[in-house]
Amino acid sequence: MEISKPELKLIQMSDVEAEEVSWLWYPFIPYGKLTIIQGDPGDGKTTFVLNAAAKLSKGISLDTGLQSEEPINIIYQTAEDGLADTVKPRLEGAGADCSKIHVIDESDKSLSMVDERVEQAIIRTGAKLLILDPLQAYLGGGMDMNRANEARDMTKKLGVLPEKYKCAIILIGHMNKASGNKAAYRGMGSIDFYAVARSVLLVGRIEGEPELRAIVQIKNNLAAFGHSKAFRLSEKGFEWIGDYEITADEVLGGIAPKANKQEKAIALLRELAEDHNMIPSNEAVELAKEENISKRTLEIAKNELGIKARRINNTWYWILKENE
């Protein structure tokens, strides 16, 4: 039997129309690509994603850049939590519009990431975000996630969907137990999962802060790395904190951050307020720079303290305390 050979087809780059990357959350979750969110079990990956999804279902901002122009439809698949007793109460507690959040019914047949029902669901709902939680549960029977060729083939097929439908796909994955290894190699299974994703986020605990969790970007092929974030998990529920000074090595190694730059920035501004009613903003930035505090971190501290800016004779000042 003669095997037909594929016809050679060439693409001339002059015929390719360049496109800018669009983002669900800049620079963390791109549209048209795969994003992996990984971390140890129980560290808050799912809680973070569900709270983000809840806000997106209403077009509300959770963080700078994490907001769509209008409420979006979302597909959320989970193999670890019950829909009625766990997922829906969490979504309602986060204030979600549950009519915008859909689940593919797996009662007749389990779903895999290359199941044709995934594409059908995206088409029918017009979903702008698909979440598979956890990645390991949607590999399909017989697939060995530790074999590079199988992992690469599966993720390549899945990666066609976000590009085709201009949506974002998030794969939530558990880390393996190889402590001390690089974050890329602690994602369970073949490194090819990590290789295919354009953005990878690490969620983990912050040493010495039992209620805090960090989100650190450990891969970004499409933009500069995003600033690390944090959120709090307590008896009161989920609380978004935002920018936080911590590295992936500190999260993975269980090391307390050497110094929380944001706390240092707050302390600096309070110290300046003891001797000054106001200070030129550029002078404050220079003083912070001497303490290895970035302008961005200083701005965050300024906003947290409620410090206002005022223009006087063409110079911007920060009002550290109002005159009595």
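Basis of the calculations
Residues numbered from 1 in each chain as written. Predicted model: local features only at pLDDT ≥ 70, side-chain atom pairs only at ≥ 80, totals over all residues. Heavy atoms only, no water. Helix = DSSP H or I, 4+ residues; strand = E, 2+ residues; numbered from the N terminus. Buried < 20%, exposed > 50% of the residue type's maximum accessible area, 1.4 Å probe, protein only. Contact = heavy atoms within 4.5 Å. Salt bridge = Lys/Arg side-chain N within 4 Å of Asp/Glu carboxyl O. Expected span 1.5 Å × (residues − 1). Polar contact = N/O pair within 3.5 Å; in protein donor to acceptor, adjacent residues only side chain to side chain. pLDDT = per-residue confidence, 0-100. Pairing = 2+ DSSP bridges. Axes fitted to C-alpha atoms, helices over the stretch in contact; angles between N-to-C directions. Patch = residues over 30% accessible without salt bridge, like charges linked within 9 Å, V, L, I, M, F, W, Y side chains within 5 Å. Areas by Shrake-Rupley, 256 points an atom, 1.4 Å probe, with all protein chains shown as cover. Lys, Arg positive; Asp, Glu negative; His and termini not counted. Charge placed at Lys NZ, Arg CZ, Asp CG, Glu CD.

To continue, consider the overall build of the chain. On a plain count of helices and strands, the chain comes out with 10 helices and 14 strands. For the chain, the residues scored as buried account for 46% of the 324 residues in total. In the chain, of all internal contacts separated by at least 6 residues, the share reaching a separation of at least 24 is 64%.

Let us now look at the pattern of salt bridges. Across all of its chains, the model carries 10 salt bridges by this definition. Close ionic contact of Asp-115 with Arg-117 constitutes a salt bridge, the shortest N to O distance being 2.8 Å. Here Glu-119 makes a salt bridge to Lys-164, at a shortest N to O gap of 2.9 Å. Here Glu-119 is found in helix H3 (residues 116–125), whereas its partner Lys-164 is found in helix H4 (residues 148–165), with 45 residues between them in sequence. Glu-119 gets classed as partly exposed once you look at its relative accessible area, which sits at 24%. Within this structure, Asp-63, Lys-229, Asp-243 and Arg-296 form a network of salt bridges that share partners.

Now for helix H1 (residues 45–56). The terminal C-alpha atoms of H1 lie 17 Å apart, and with 12 residues this matches the ideal 16 Å at 1.5 Å per residue to within 8%. Buried residues of H1: Lys-45, Thr-46, Phe-48, Val-49, Leu-50, Asn-51, Ala-52, Ala-53, Ala-54 and Leu-56, and no others.

With that settled, the discussion passes to the side chain of His-174. Structurally, the position occupied by His-174 is in strand E7 (residues 168–174). Classification of His-174 as buried rests on a relative accessible area of 17%. Here the side chain of His-174 touches Lys-45 through a polar contact of 3.5 Å, side chain to side chain. Looking at His-174, its side chain comes within polar contact range of the side chain of Glu-80, at 2.9 Å.

This part is about the confidence of the model for the chain. Averaged over all residues, the pLDDT of the chain is 86; the fraction at 70 or higher stands at 89%. Averaged pLDDT values for the elements of the chain fall to 49 in helix H5 (residues 183–186) and rise to 98 in strand E5 (residues 101–102).

With mixed pairing, nine strands are arranged side by side in an open sheet as E5-E4-E6-E7-E3-E8-E9-E10-E11. The sheet is open, and its two borders are formed by E5 and strand E11 (237–243), each paired with just one other strand. Sheet topology note: the strand E4 (residues 74–78)/strand E6 (residues 129–133) ladder contains five bridges and is parallel. Among the inter-strand pairings, Gln-77 is bridged to a residue of E6, identified as Leu-132.

Quick look at the sheet that holds strand E12 (residues 278–280) now. In spatial order, the strands read E12-E14-E13; together these three strands make up an open sheet with antiparallel pairing. Every interior strand has two partners, whereas the edge strands, E12 and strand E13 (308–312), have only one. In this sheet, adjacent strand axes meet at a mean angle of 35° when their direction is disregarded. Pairing of E13 with strand E14 (residues 315–319) involves five bridges; the strand directions are antiparallel. Among the inter-strand pairings, Arg-310 is bridged to a residue of E14, identified as Tyr-317. Packing of helix H9 (residues 281–290) onto the sheet brings it into contact with E12 and E14, and relative to E12 it is tilted by some 80°.

Our focus in this paragraph is a negative patch on the surface. Negative charge collects at one region of the surface, where Glu-271, Glu-274, Asp-275, Glu-286, Glu-290 and Glu-291 lie side by side. Counting residues per element, the ones that place at least two in the negative patch are helix H8 (261–275) and H9. At three residues, the largest contribution of residues to the negative patch is made by H8. Look at Asp-275 and you get exposed, because its relative accessible area is 64%.

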